[in-house]
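One letter stands for each residue in the lines below.
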Amino acid sequence: MEEELVGIKNAAISFILECNSLEELEEVKLQFLGRSGKLTQAIKNIATVPLERRPEVGMLANEIKNIIEDTIEQKYQTLKSEHYKKRKSAIDVTKPGIKPEIGHIHPITHTILETIDIFKSIGFQVADGPEIETDYYNFEALNIPKDHPSRDTQQTLYLDTRESKVEPGEVILRTQTSNMQGRILEKMKPPMRVIVPGKVYRYEQTDASHGFEFWQLEGFAVDKNITMSDLFGTIDYFIKKFYGEDIKVKFVCHNFPFVEPGAEAYITCAVCKGKGCTFCKRSGWVEMLGAGMIHPNVLKTAKIDPNIWQGFAFGTGFSRMATLKYQMDDLRLLTNPDLRILEQF
Ligand SMILES: [Zn+2]
């Protein structure tokens, strides 16, 4: 038994000393000290040695185990420092470093910031509000009762409220930034001029001109003696500042429940400058905004007397504004993480 143990020790030490890498050393360690390693097995066999000789053989086995472990540790330190030295000499400190990629503002953010600047310059305040909204502020406060047919055009995402006290269908992801109109009209005293840029959500299939989450701009002004011509002037000023002085704006009648009268604004196609192209379907015009005079019911709901105060409101999509400005034919490109597209801006 003693001879076997000494044999194992000698073999282990010569193997350890021959190791040239940390991986090899790890293998030798397993071969001798692992669960089925040679020394481990030999130690198990001590049980077969006659009782009176066992303490002596046990002590020898322990001593050998310590010697093997110490030798492994010494070899480990030597190999490690050699490995480090090799790596150090491989680094050329005079080489220039790798330049980190620097990002820039996303075209949608750029559109939002430019819009804010233009409206701020004509006295509008900027407001922000919740994206998780109640049915009341998203629809009812805007003169859109529960059974109103215009709700069909705004496919709504409802939040699961089964675990709460809220009635089902009362909490939604806002479908329009107009939700802030009711909230602000309630809180602020007129006169006021406010824009609300923000993200909205619809339960819609995405295609070249529809997204299920997109950015909207809501704007409104309430004051005494406000008329449609104030609305036309404001929109015309904004469009010319944003797209250029040569862009014309035209208004056509349209019905929205929260305005009376209501209008849609079309602008000269910025791609063909009105000559007609595939972007504007050969018409030379692109639909840009919904607008109108705030419906007296909306003012009454917010406890503002429509006989004293009037207002106009308008809304548009930032994705639409950006796609026309940058002449993109698919708004999905704006949310595409492909850097080959984003780096062009
Ligand atoms: Zn065109």
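None of the values given here were measured: they were computed from a predicted structure.

Some details on the overall build of the chain
Across its full length, the chain carries 11 helices and nine strands. Relative to the globule expectation of 20 Å for 345 residues, the C-alpha radius of gyration of the chain, 38 Å, shows a markedly less compact shape. Taking the principal axes of its C-alpha atoms as reference, the chain extends roughly 115 × 55 × 35 Å. A burial count over the chain gives 41% of its 345 residues as buried. Excluding contacts between residues fewer than 6 apart, the proportion of contacts in the chain whose partners are at least 24 apart in sequence is 66%. As displayed, the chain has an accessible area near 20500 Å², and 53% of this comes from carbon and sulfur atoms. Across the chain, 43 positive and 48 negative side-chain charges occur, with their mean positions spaced 4 Å apart.

A few points about the packing of helix H5 (residues 107-121) against helix H10 (residues 318-325)
One way to put it is that H5 packs onto H10 with a least axis distance of 9 Å and a crossing angle of 100°. Taken together, the axis directions place H5 and H10 in an arrangement best described as roughly perpendicular. Contact with H5, carried on its side by Ile108, Thr111, Ile112, Glu114 and Thr115, involves Phe318, Ser319, Met321, Ala322 and Lys325 of H10 and no other residues of that element. The class makeup of the residues in the contact of H5 with H10 is five nonpolar, three polar and two charged.

Some words on helix H4 (residues 54-90)
A rise of 1.5 Å per residue sets the reference length of H4, with its 37 residues, at 54 Å; its end C-alpha atoms lie 54 Å apart and thus fit the reference within 8%. Every buried residue belonging to H4 is among Val57, Ala61, Ile64, Ile68, Thr71, Ile72, Lys75 and Leu79, and all of these are buried. Lining the buried residues of H4 we find helix H1 (2-18), helix H2 (22-33) and helix H3 (38-45).

Some details on the nonpolar core
Ranked by internal contacts, the top residues of the largest apolar core, which has 40 residues, are Ile239, Tyr243, Ile267, Met288, Phe312 and Phe314. Elements that contribute at least two residues to this core include exactly H5, strand S5 (213-223), helix H8 (228-243), strand S7 (259-268), strand S8 (285-294), strand S9 (310-317) and H10. Not counting the four nearest positions on each side in its chain, Ile239 is found in contact with Gly244, Ile247, Val249, Ile267, Met288 and Leu289. Membership of the second largest hydrophobic core comes to 23 residues, among which are Phe139, Ile144, Phe256 and Ala302.

Brief notes about the coordination of the zinc ion
Only Cys269 (SG), Cys272 (SG), Cys277 (SG) and Cys280 (SG) from the protein coordinate the zinc ion, and they sit 2.2 to 2.3 Å from it. Taken together, the four donor atoms coordinating the zinc ion span angles of 106 to 113° at the metal, a pattern that classifies the geometry as tetrahedral. Counting gaps between the donor residues of the zinc ion yields the pattern C-x2-C-x4-C-x2-C. Cys277 shares its class with Cys272; the two are buried.

Overview of the sheet that holds strand S4 (residues 192-201)
The seven strands are arranged S1-S4-S5-S9-S8-S7-S6 in an open sheet whose pairing can be described as mixed. Pairing within the sheet leaves two strands with one partner each, and these edge strands are strand S1 (125-126) and strand S6 (249-253). Alignment of S7 against S8, held across eight bridges, turns out to be antiparallel. The partner of Ala263 across the bridge, within S8, is Ala291.

Re empty space enclosed by the protein
Enumeration over the complete set of coordinates arrives at one cavity of 30 Å³ or more. Looking at the largest cavity, its volume works out to about 30 Å³. Elements that contribute at least two residues to the lining of the largest cavity include exactly helix H7 (179-187) and helix H9 (296-301). Its residues assigned to classes, the lining of the largest cavity shows four nonpolar, two polar and one charged.

What to know about the pattern of salt bridges
According to the stated counting rule, one finds 12 salt bridges in the structure shown. With a closest N to O distance of 3.1 Å, Glu114 and Lys325 form a salt bridge. Taken together, the positions of Glu114 in helix H5 and Lys325 in helix H10 put the pair 211 residues apart, joining distant regions of the chain. Accessibility expressed as a relative area gives 26% for Lys325, which makes it partly exposed.

Some thoughts on the domain arrangement of the chain
Partitioning the chain into structural domains gives domain 1 (2-90) and domain 2 (107-342). Using C-alpha coordinates to define each centre, domain 1 is positioned 77 Å away from domain 2.

Considerations on the packing of H2 against H4
Taken N-terminus to C-terminus, the directions of H2 and H4 make an angle of 170°; their axes are 10 Å apart at the nearest point. Relative to H4, H2 is oriented roughly antiparallel. In this structure, H2 uses Leu22, Leu25, Lys29 and Leu33 to contact H4, whose residues at the interface are Lys65, Ile68, Glu69, Ile72, Lys75, Tyr76, Leu79 and Lys80. Broken down by class, the residue content of the contact of H2 with H4 amounts to seven nonpolar, no polar and five charged.

Observations concerning the confidence of the model for the chain
Overall, the predicted model of the chain reaches an average pLDDT of 89, with 100% of residues at or above 70. Per-element confidence in the chain is highest for S1, whose mean pLDDT is 96, and lowest for helix H11 (residues 339-342), whose mean pLDDT is 82.

Rules used throughout
Residues numbered from 1 in each chain as written. Predicted model: local features only at pLDDT ≥ 70, side-chain atom pairs only at ≥ 80, totals over all residues. Heavy atoms only, no water. Helix = DSSP H or I, 4+ residues; strand = E, 2+ residues; numbered from the N terminus. Rg over C-alpha atoms; globule rule 2.2 N^0.38 Å. Buried < 20%, exposed > 50% of the residue type's maximum accessible area, 1.4 Å probe, protein only. Contact = heavy atoms within 4.5 Å. Areas by Shrake-Rupley, 256 points an atom, 1.4 Å probe, with all protein chains shown as cover. Lys, Arg positive; Asp, Glu negative; His and termini not counted. Charge placed at Lys NZ, Arg CZ, Asp CG, Glu CD. Axes fitted to C-alpha atoms, helices over the stretch in contact; angles between N-to-C directions. Parallel < 35°, antiparallel > 145°, perpendicular 65-115°, else oblique. Nonpolar A, V, L, I, M, F, W, Y, C, P; charged D, E, K, R; others polar. Expected span 1.5 Å × (residues − 1). Core = buried A, V, L, I, M, F, W, Y, C linked by side-chain atoms within 4.5 Å. Donors = N, O, S within 2.8 Å, 3.2 Å for Na, K, Ca; no water. Tetrahedral: all angles 85-135°; square planar, octahedral: opposite > 155°, others 65-115°. Pairing = 2+ DSSP bridges. 1 Å grid on protein atoms, 1.4 Å probe; cavity = no way out; pocket = protein on both sides within 12 Å on 5 of 7 lines; lining within 4 Å. Points joined across faces, edges and corners; volume = space filled by probe spheres on them. Salt bridge = Lys/Arg side-chain N within 4 Å of Asp/Glu carboxyl O. Domains from an automatic or database assignment. pLDDT = per-residue confidence, 0-100.

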